[in-house]
Amino acid sequence: MALTKLLSGRPRTYRPGFFARMFPAGKWKLTLDPKISGHFRLAQDGEVQLSCLDIVSISTSKALLWHTVEIRARGRTVTLSALSDDAATQLAADLHTFINNHLFGLIATEKERLLEVDDRLREITEGNRQYLAQADLGRAIASVPGAAAAALSHPLLDPDVMPAGLKGSLPASFAMITDPRVRHAYNAAFVRSELEKFRSFFDDLDRRSFSDQQREACIRLEDSNLLVASAGSGKSATMVGKVAYVLEKQLYRPNDILLLAFNRNAADELRTRIAAQLKVEEDALECRVTTFHALGRGIIEEVEGRPPQLANWVDHPAGETRIIEAIIQNLVESDPEFARMWAELLVVHPKADIPVEVFDRQADYQRYVSDSLRKGSATIGSLSGVIVKSLQEQKIANWLWLHSVTFEYERQIAVEEDDGMVRHLHPDFYYPVTDTVHEHFALNADGTSPFADYAQHAEKKRQAYRRKEIDFFETTSAQASNETLISTLESELAKRSMPFERRSYVEITKALDPVVIKHYHQLISTCLKHIRASHLTLDMLLERAKTLHDKERSKLYARVVWMITGEYSRKLEETRRIDFDSMIADAVRLVETGRYRSPYSLILVDEFQDISEPRANLIKALKQQKAFSKVFAVGDDWQSIYRFAGSDITIFTQFEANFGTSWQGRLEQTYRCNQLIAETAAKFVQRNPDQIKKSVRSTRPAVSRSIRVIPIDDKRDKPDFAVACQRLLERLDAALGGIANRWRDEKRDKLKVLVLWRYNVLDPFEGRPPSFANIEVAGLSFHRAKGLEADYTVLLDVSEGNYGVPSRIEDDELLNLVIPRPETFAYAEERRLFYVALTRASRGVYMITNRRQPSRYIHELCEIAGDEVRFETIEGAALNQCPACLVGQLVDRRKKDGAMFRGCNQFPECKHTEPASVARGR
């Protein structure tokens, strides 16, 4: 940012740097002039003056390429983009100082009014009359006329920078305003008093006795409140309790209260429970309980006199997916350039080429690049059917397949050395049509290699080909890094008049693994939402692509997703329809411009971990339009699993930065999982240091070894999880039938079992769960299981792999093209998703895994819970767990001399052995 630093008292001008001003977001200029301290000038789509008294918040955030300063005023929101981190921070700080200097001047000029303010403050604090949020102080002060009161009630007033002389001249009760510690101490005393006063009220609320943390959450009423909950900790009950408490205290009228949920079922459940608690019919409930979508629709209808015209696909569960598929198909048929790019993306770039040094361990890199691991070796397939040794070789092989180029992989060629000895070489690629050899060397731009003696070995190969006068060309890893690998390959083959014939789209889609196409469709759906919501441009996407590891793939994808987004937007415009995200954005504009007047003074938000930027903007707009309104958000960042739907976990984890000064509470007592599952799952998810820390306590005692792992063998290279699941359910049904007297009563005659999978292709029931005498079985995906609970869960394919856990295809770096604040912890969302699956069960969790490729998450659970994780056969017999790798089993082996010993079945990854006499069954 260019900052004109003039003498004290002279104007200061702020604007983005020269490069940033080339983008539309960088075309603005802001001037702070001390001579007109009550206003500042902004040139952005015309010139306006903004009043300091009208500003309600100033915040900074990380946008796609730059940082942004957001200024929310009554009636408008101003976004100043295209700034560096330091420039945005400096501008926000200078605005804050500028506004406060004006406020201090107003306070100093009307000191006689301060005695009236003092009287109002005493009225509301004597006798612990009410909880005091900053807004409550502001409301009391605002009831006194005059500029001083207006300044004292301003949301940006910062007592920490108030001049000492001015602060010393204020009446004693003003310590509530000028010293946050005084207000916090008062509120702490108020909460203690209220807990005692409302003890019987909270003892029987929503058909339960509230925990101490739930009670405090109901009482606390800061301007913004975040309740960080645990799985099964009574989040919804606390929202019911909050509404009941504030109405009991007569702090709000029922029609002042808005409750927001993310789906209709959740909203219906909240409405039913609140109505039951308040003892009114649901139709008579005056509190508004609704979804974000319904609220957005209602705002638009109230202002414009008719409901918005939604696209006909938005209400269908698979509607968006189908429309994206239709757009892609249309572009493939009508635009040859798109067809070329889309085919290359699917075929040549199924996953990012990420350097080995990015990974913590060689084993993690091997897992990433490989389709499967066999005897310690990575296997990387290609569409031509050959197994190659690297992702770069896979790109080459797949490009050759795409263009119908015949080749042989590592064909043996005999060459004669200088001494007459015959040496057999195995070049990476051989093209029989032109009798050409092609080597892909792992060489850097300076000719060096990460492998010992590799450069010398490569040079010997070159010399050998020259001696035999073999037609030869090479490509290198350096070319993969500088995005010239494929163009070099194409150029070299074209020189030799190699015929190219691109395969048809039908042929391509038939040959591809469906998971690749599904993955790209899901990526496009996610990115489309962010591109439209944040008004991103192709230039922004291409600029961000330069920061990713696989730059060629990233730039190609950026162009593809930009074209698809353009067609999607045109489809909406042509039909004069909008989608849900557009509807929310339109509602935000109506609130921010004042065309819609919010009646809500208390806004409660359920499942806040699923919040997206457009929805967060709607909450902010509603809160900041109506003076002194408050937000109470409830959620669990450990269960944030909807990034593909546009959610942004940092809005939750950085709540105060987004919503201003706040109170943050915890719900750490779970009513669902037994203590072993609850504690193990909590330690597991908190291995990501960015997750908010909580200590989880269960009302159910620990059940020893209630986490069980069942390794099963491959059957023709693929474990049969459906058969294993059926056998496990039969065993569980029989076992529970034998102890039915311990659990069966008049309330239930069956125990509930959830069978869960990462992808629907693993559904063992094909939509029709089996029936048993003692267990009721339901099956669904990890995502759909969120919010549900059961006695037991069975998790299928907790193994390494594309479809396994964690899914390797979900953590694609392409998401970083559009997500402003990408997560840096590996498989962060996959870890949360596994946590969700783990915490559905109260009695026990069974994990069925591929014996050859157990998930790294099983290893972590064993590190956390030790012997409490039991390995067993499908029939329930204990297995001898390897003490070294933790995920393998010790099996009997025989040495060459006939002597017996025990060795790990994960050999050669794990080489642990011990005498045959040692037994570890549990």
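Preceding block: the structure.
Residues numbered from 1 in each chain as written. Predicted model: local features only at pLDDT ≥ 70, side-chain atom pairs only at ≥ 80, totals over all residues. Heavy atoms only, no water.

A.B. asks: Looking at this model, I keep getting lost on the overall build of the protein. Mind explaining?
C.D. replies: Assigned secondary structure in the protein consists of 32 helices and 35 strands. Taking 922 residues into account, the globule formula puts the C-alpha radius of gyration at 29 Å, and the protein, at 32 Å, falls close to it. If one aligns the C-alpha atoms of the protein with their principal axes, the spans along those axes are about 110 × 80 × 55 Å. Taken over 922 residues, the protein has a buried fraction of 54%. Contacts in the protein between residues at least 24 apart in sequence constitute 69% of all its contacts with a sequence separation of at least 6. With the model as given, the accessible surface of the protein reaches about 40,500 Å², and the carbon-plus-sulfur share is 48%. For the protein, the distance from the average position of its 127 positive side-chain charges to the average position of its 128 negative side-chain charges is 2 Å. (Helix = DSSP H or I, 4+ residues; strand = E, 2+ residues; numbered from the N terminus. Rg over C-alpha atoms; globule rule 2.2 N^0.38 Å. Buried < 20%, exposed > 50% of the residue type's maximum accessible area, 1.4 Å probe, protein only. Contact = heavy atoms within 4.5 Å. Areas by Shrake-Rupley, 256 points an atom, 1.4 Å probe, with all protein chains shown as cover. Lys, Arg positive; Asp, Glu negative; His and termini not counted. Charge placed at Lys NZ, Arg CZ, Asp CG, Glu CD.)

A.B. asks: I would appreciate a short explanation of the sheet that holds strand β19 (residues 471-476) in the present structure.
C.D. replies: Two modes of strand pairing occur in sheets, parallel and antiparallel, and in both the strands are linked by backbone hydrogen bonds. With respect to topology, 4 strands assemble into an open sheet ordered β14-β17-β18-β19, the strand pairing being mixed. The open sheet has two edge strands, β14 (408-409) and β19, and neither has a second partner. With 6 bridges connecting them, strand β18 (residues 436-441) and β19 associate as parallel partners. Its bridge partner being in β19, Glu439 is matched across the sheet by Glu474. Strands in contact with helix α19 (residues 485-495) are β17 (429-431), β18 and β19; relative to β19, the strand with the most contacts, it is inclined by about 170°. (Pairing = 2+ DSSP bridges. Axes fitted to C-alpha atoms, helices over the stretch in contact; angles between N-to-C directions.)

A.B. asks: Help me understand the sheet that holds strand β34 (residues 900-904) in this model?
C.D. replies: Sheet architecture is open: 3 strands sit in the order β33-β34-β35, paired in antiparallel fashion. What marks the edges here is a single partner per strand, and that holds for β33 (890-894) and β35 (913-915). Ignoring which end each strand starts from, the neighbouring axes of this sheet average 35° apart.

A.B. asks: It is not clear to me how the pairing of strand β24 (residues 697-700) should be interpreted in this structure. Could you clarify?
C.D. replies: For a regular strand, side chains alternate in direction, first toward one face of the sheet and then toward the other. Here 3 bridges tie strand β23 (residues 669-674) to β24, and the two strands are oriented parallel to one another. Its bridge partner being in β24, Asn674 is matched across the sheet by Arg700. On the question of chirality, the crossover connecting β23 to the parallel β24 by way of helix α28 (residues 675-685) is right-handed. (Right-handed = clockwise from strand over helix to strand, strands pointing away.)

A.B. asks: How do you make sense of the state of the cysteines when you look at a structure like this?
C.D. replies: With the rule as written, the count across this model stands at 0 disulfides. For Cys287, which is in no disulfide, the shortest distance to another cysteine sulfur is to Cys218 and amounts to 14 Å. Overall, the relative accessible area of 5% leaves Cys287 in the buried class. Here Cys882 stays free of any disulfide, with the sulfur of Cys910 as its closest cysteine sulfur at 3.7 Å. On the basis of relative accessible area, Cys882 is assigned to the buried category, the value being 0%. (Disulfide = S-S within 2.5 Å.)

A.B. asks: Help me understand the pairing of strand β3 (residues 29-32), please; the structure alone is not making it clear to me.
C.D. replies: Relative to β3, strand β2 (residues 12-15) is paired through 3 bridges, and the arrangement is antiparallel. The residue bridging Thr13 from the neighbouring strand is Thr31, located in β3. Counting the residues between successive antiparallel strands, the hairpin from β3 to strand β4 (residues 39-43) contains 6 residues.

A.B. asks: Would you mind going over the pattern of salt bridges with me for this structure?
C.D. replies: Charged atoms that come close allow side chains of opposite charge to pair. Counted under the stated rule, the structure contains 60 salt bridges. Between Arg462 and Glu459 there is a salt bridge, with its nearest N and O atoms 2.8 Å apart. Of this pair, Arg462 and Glu459 both sit in helix α17 (residues 454-467), 3 residues apart, which is roughly one turn of the helix. Assessed through its relative accessible area of 29%, Glu459 is described here as partly exposed. (Salt bridge = Lys/Arg side-chain N within 4 Å of Asp/Glu carboxyl O.)

A.B. asks: Can you walk me through empty space enclosed by the protein in this structure?
C.D. replies: Once rolled over the atoms, a probe with the size of a water molecule shows which space is left empty. One pass over the full model with this rule turns up 4 cavities of 30 Å³ or more. Its boundaries defined by the atoms lining it, the largest cavity holds a volume of some 180 Å³. Around the largest cavity, the lining is made up of 17 residues, and of these Gln522, Arg643, Phe644, Glu810 and Leu815 lie nearest the centre. If you list the elements that add at least two residues to the lining of the largest cavity, you get α21 (514-533) and α31 (828-838). Residues belonging to the lining of the largest cavity are distributed by class as follows: 6 nonpolar, 4 polar and 7 charged. Of all elements in the fold, only α21 and α25 (613-625) reach the threshold of two or more residues within the lining of the second largest cavity. (1 Å grid on protein atoms, 1.4 Å probe; cavity = no way out; pocket = protein on both sides within 12 Å on 5 of 7 lines; lining within 4 Å. Points joined across faces, edges and corners; volume = space filled by probe spheres on them. Nonpolar A, V, L, I, M, F, W, Y, C, P; charged D, E, K, R; others polar.)

A.B. asks: So what exactly am I meant to see when it comes to the packing of aromatic side chains here?
C.D. replies: What characterises a pair of aromatic rings is the spacing of the ring centres plus the angle enclosed by the ring planes. Inspection of every chain in the model, using the stated rule, returns 31 aromatic pairs. Measuring from ring centre to ring centre gives 5.0 Å for Phe23 and Trp66, while their planes differ by 70°; the resulting arrangement is edge-to-face. Of the two residues, Phe23 is situated in the loop between β2 and β3 and Trp66 in the loop between β6 (55-62) and β7 (67-73); the sequence distance between them amounts to 43 residues. A relative accessible area of 9% places Phe23 in the buried class. Judged by its relative accessible area of 14%, Trp66 falls in the buried class. With 6.4 Å between their ring centres and 40° between their planes, Tyr792 and Tyr846 make a pair best called tilted. Of this pair, Tyr792 sits in strand β30 (residues 790-795) while Tyr846 sits in strand β31 (residues 841-850), and the two are 54 residues apart along the sequence. We classify Tyr846 as buried; its relative accessible area is 8%. (Phe/Tyr/Trp six-rings, centres within 6.5 Å; stacked < 30°, edge-to-face > 60°.)

A.B. asks: Is there a simple way to explain a nonpolar patch on the surface in this structure?
C.D. replies: Nonpolar side chains collect at one region of the surface, where Phe18, Phe19 and Met22 lie side by side and expose about 390 Å² of accessible area between them. Looking at the element boundaries, Met22 is found in the loop between β2 and β3. (Patch = residues over 30% accessible without salt bridge, like charges linked within 9 Å, V, L, I, M, F, W, Y side chains within 5 Å.)

A.B. asks: Explain the nonpolar core to me, please; I cannot follow it from the model alone.
C.D. replies: In summary, soluble globular proteins display a tendency toward joint burial of nonpolar side chains. The biggest cluster of nonpolar side chains holds 165 residues, and the ones touching the most others in it are Trp342, Phe608 and Phe834. Looking at this core, the element that brings in the most residues is α21, giving 9 residues. Apart from the residues lying within four places of it in its own chain, the contact partners of Trp342 are Ile328, Val332, Tyr505, Tyr520, His521, Ile524 and Val560. The next biggest cluster of nonpolar side chains, apart from the first, holds 49 residues, and it includes Leu32, Leu50, Ala87 and Leu103. (Core = buried A, V, L, I, M, F, W, Y, C linked by side-chain atoms within 4.5 Å.)

A.B. asks: Looking at this model, I keep getting lost on the environment of Ala276. Mind explaining?
C.D. replies: One can find Ala276 in helix α11 (residues 264-278). Assessed through its relative accessible area of 55%, Ala276 is described here as exposed. When the C-alpha atoms of Ala276 and Val117 are compared, they prove to be 42 Å apart, with 159 residues separating the residues in sequence.

A.B. asks: What's the story with the environment of Asn760 in this structure? I'm lost.
C.D. replies: Mapping Asn760 onto the fold places it in the loop between β28 (751-757) and β29 (775-781). Distance in space between the C-alpha atoms of Asn760 and Gly779 is 9.8 Å, their sequence separation being 19 residues. Polar side-chain contacts of Asn760 include one of 2.9 Å to the side chain of Trp757. (Polar contact = N/O pair within 3.5 Å; in protein donor to acceptor, adjacent residues only side chain to side chain.)

A.B. asks: Where do I start with unusual backbone geometry in this structure?
C.D. replies: Excluding glycine, most residues fall at negative phi; most peptide bonds, likewise, are trans. Pro806 follows Val805 through a cis peptide bond whose omega is 0°. Looking at where Pro806 falls in the secondary structure, it is placed in the loop between β30 and α31. Here the bond from Phe907 into Pro908 is cis, since omega is 10°, no more than 30 degrees from zero. Looking at the secondary structure, you find Pro908 in the loop between β34 and β35. Located in the positive-phi region is Glu410, a residue other than glycine, with phi close to 55°. Along the polypeptide, Glu410 turns up in the loop between β14 and β15 (413-416). With a phi close to 70°, Glu483 is a non-glycine residue in the positive phi region. Examined against the element boundaries, Glu483 turns out to sit in the loop between α18 (477-481) and α19.

A.B. asks: Looking at this structure, how should I read helix α7 (residues 180-197)?
C.D. replies: Count 3.6 residues to each turn of an α-helix, and residues three or four apart come out pointing the same way. Over its 18 residues, α7 runs 25 Å from end to end, which matches the ideal 26 Å to within 8%, given 1.5 Å per residue. The set of residues buried in α7 consists of Arg183, Tyr186, Asn187, Phe190, Val191 and Glu194. Looking down the long axis of α7, one finds its buried residues gathered within 145° of arc, a one-sided arrangement. Facing away from the buried surface of α7 by more than 90 degrees, the exposed residues are Arg181 and Arg192. Those residues of α7 that are buried lie in contact with α2 (114-125), α3 (134-142), α6 (175-178), α9 (212-219) and α10 (235-248). (Expected span 1.5 Å × (residues − 1). Arc of directions from axis to C-beta.)

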